[in-house]
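# Residue-level structure breakdown
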Amino acid sequence: MATERILIVDDDESFLDLLSAYLDSFGLDYETAQDGQEALEKLRKGSFSIVLTDMIMPRMDGMELLKHLRVDYSKLGVIAITGGLDFSYTHVIRAGASDFISKPFGADELEAKLNRLIRELNIIRELEKHAILDSLTNLYNRRYFDNKILDEVKRAERQGHKVFLQMIDVDNLKGYNDAFGHPGGDELLRCVSGILRKSIRENVDWVFRYGGDEFGIIITEVESPQVARIAERILESYEEENFPGTGLSIGVARFLHHTGRSWQEDITDLVARADKALYAAKGHGKNQVYFDEAVKPSG
């Protein structure tokens, strides 16, 4: 069985103990909550993939919890535990549950339902992964960039830190393709993607294939000098790979939030300034870093 983290929600201590014993025997990681209200508190603080919830509970019952999960945690798998006649299959599925199980039940029945739900979640994850990854480089694609940049600038606004965008373009890729063929060009692009991955902090910064021979990196929680060092490290690493006749031009801009403008307008402005800096790098001789005027590093 795949490793998942499950939240068990039930107000009956003895039943919680039984469910805990079942999940222990399945080798699954879990936490418990006494009712829907405590479940929501734990969901806000932790990361879970499945909720296993009773329907009849004090303070917040299972039906009310399902309503919250459908709105705020729509990617969770949910199995509703019913007392037979309390709620029908139709009721709990319409409320947002993935499946239901009726008391009394044994370990085998619960394990079968969890196995099926985990398989479904894994299929969904795989489909989502393919939808957001570039097939050649295995980097995130432009579609994911559009979503991620919005998330990151909103988070930066809440937490009071800066967001930078590096736009990176391969200089003279066409000439390299002409000399070494498209398989050679593909290998170059895969090499660039590997360099970019190694140059960022995992799960803090984000690298994308923006399109063609252009890449993007979202860099957060740093100042301009650190961003400059990242760019210089990228250029140095690429130089070591020795793809003749090519280089990397890098443009850098910082996100600026303007009163009276939408998030999307400010993101469009960010991309435009990073692109302008990129083409300034090319205009000044290529294979170099150029900063948008608003974010030129000091020192």
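Note: the structure precedes this text.
In this report, we go over the structure that sits alongside the text. (Residues numbered from 1 in each chain as written. Predicted model: local features only at pLDDT ≥ 70, side-chain atom pairs only at ≥ 80, totals over all residues. Heavy atoms only, no water.)

Bringing the pattern of salt bridges into the picture now. Applying the stated rule across the entire model yields 28 salt bridges. Put simply, D54 and K103 hold a salt bridge, and the shortest N to O gap is 3.5 Å. Of this pair, D54 sits in strand 3 (residues 50–54) while K103 sits in the loop between strand 5 (99–102) and helix 5 (107–132), and the two are 49 residues apart along the sequence. Note on D54: relative accessible area 6%, which makes it buried. The exposure class of K103 is partly exposed, given its relative accessible area of 31%. As a salt-bridge pair, R273 and D269 come within 2.9 Å of each other at their nearest N and O atoms. A residue pair is termed a helical-turn pair when its members lie 3 or 4 positions apart in one helix, as R273 and D269 do in helix 9 (residues 263–283) at four residues. Salt bridges linked by common partners bring R5, D29, E31, E38 and K42 together as one network. (Salt bridge = Lys/Arg side-chain N within 4 Å of Asp/Glu carboxyl O. Helix = DSSP H or I, 4+ residues; strand = E, 2+ residues; numbered from the N terminus. Buried < 20%, exposed > 50% of the residue type's maximum accessible area, 1.4 Å probe, protein only.)

The end-to-end C-alpha separation of helix 1 (residues 13–26) is 20 Å, in line with the 20 Å expected for 14 residues at 1.5 Å each. Listed as buried for helix 1 are F15, L16, L19, S20, Y22, L23 and F26. Taken around the axis of helix 1, the buried residues stretch over an arc of 160°, which confines them to a single face. Away from its buried face by more than 90 degrees, helix 1 exposes S14, D17 and S25. Each element contacted by the buried residues of helix 1 is listed here: strand 1 (5–9), strand 2 (29–33), strand 3, strand 4 (77–82) and helix 5. (Expected span 1.5 Å × (residues − 1). Arc of directions from axis to C-beta. Contact = heavy atoms within 4.5 Å.)

This part is about the nonpolar core. Formed by 31 residues in total, the largest nonpolar core has its most connected members in V170, L188 and I234. With eight residues, helix 7 (residues 173–199) is the largest single contributor of residues to this core. Contact partners of V170, with chain neighbours within four places excluded, come to L188, L189, V192, D213, F215, Y238, G247, L248 and K282. With 23 residues, the next largest nonpolar core counts L43, F48, A80 and F87 among its residues. (Core = buried A, V, L, I, M, F, W, Y, C linked by side-chain atoms within 4.5 Å.)

A few words on the environment of D108. Among the structural elements, D108 can be located in helix 5. Each C-alpha atom of the pair D108 and Y22 lies 9.2 Å from the other, and the pair is 86 residues apart in sequence.

What follows covers a negative patch on the surface. Taken together, E232, E236, E239, E240 and E241 make up a surface patch of like negative charges. Residue classification places E241 among the partly exposed positions, given a relative accessible area of 41%. (Patch = residues over 30% accessible without salt bridge, like charges linked within 9 Å, V, L, I, M, F, W, Y side chains within 5 Å. Areas by Shrake-Rupley, 256 points an atom, 1.4 Å probe, with all protein chains shown as cover. Lys, Arg positive; Asp, Glu negative; His and termini not counted. Charge placed at Lys NZ, Arg CZ, Asp CG, Glu CD.)

Along the chain, D171 turns up in strand 6 (residues 163–171). Setting aside residues up to four positions removed in sequence, D171 forms contacts with G245, T246, G247, L248, S249, K282, K286 and N287.

Running from N to C, helix 7 and helix 8 (residues 224–241) cross one another at 140°; their axes reach a closest spacing of 10 Å. By the angle class used here, helix 7 and helix 8 are oblique. Helix 8 is crossed by helix 7, and the crossing has right-handed handedness. Residues L188, C191, V192, I195, L196 and S199 of helix 7 pack against I230, R233, I234, S237, Y238 and E241 of helix 8. Of the residues belonging to the contact of helix 7 with helix 8, the class tally is eight nonpolar, two polar and two charged. (Axes fitted to C-alpha atoms, helices over the stretch in contact; angles between N-to-C directions. Parallel < 35°, antiparallel > 145°, perpendicular 65-115°, else oblique. Left-handed = near helix turned anticlockwise from the far one by under 90°. Nonpolar A, V, L, I, M, F, W, Y, C, P; charged D, E, K, R; others polar.)

With that out of the way, let us pick up the sheet that holds strand 1. Read across the open sheet, the five strands follow the order 2-1-3-4-5; overall the sheet is parallel. Sheet topology places strand 2 and strand 5 at the edges, where each strand pairs with a single neighbour. On average, adjacent strands in this sheet sit at an angle of 20° to one another, irrespective of strand direction. Where strand 3 and strand 4 come together, five bridges link them in parallel fashion. Within strand 4, the position partnered with V51 by the bridge is V78. In the packing of helix 1 onto the sheet, the strands contacted are strand 1, strand 2, strand 3 and strand 4, and the crossing angle to strand 2 comes to about 170°. Together, strand 1, strand 3 and strand 4 form the strand contacts of helix 3 (residues 62–72), whose direction differs from that of strand 3 by roughly 155°. (Pairing = 2+ DSSP bridges.)

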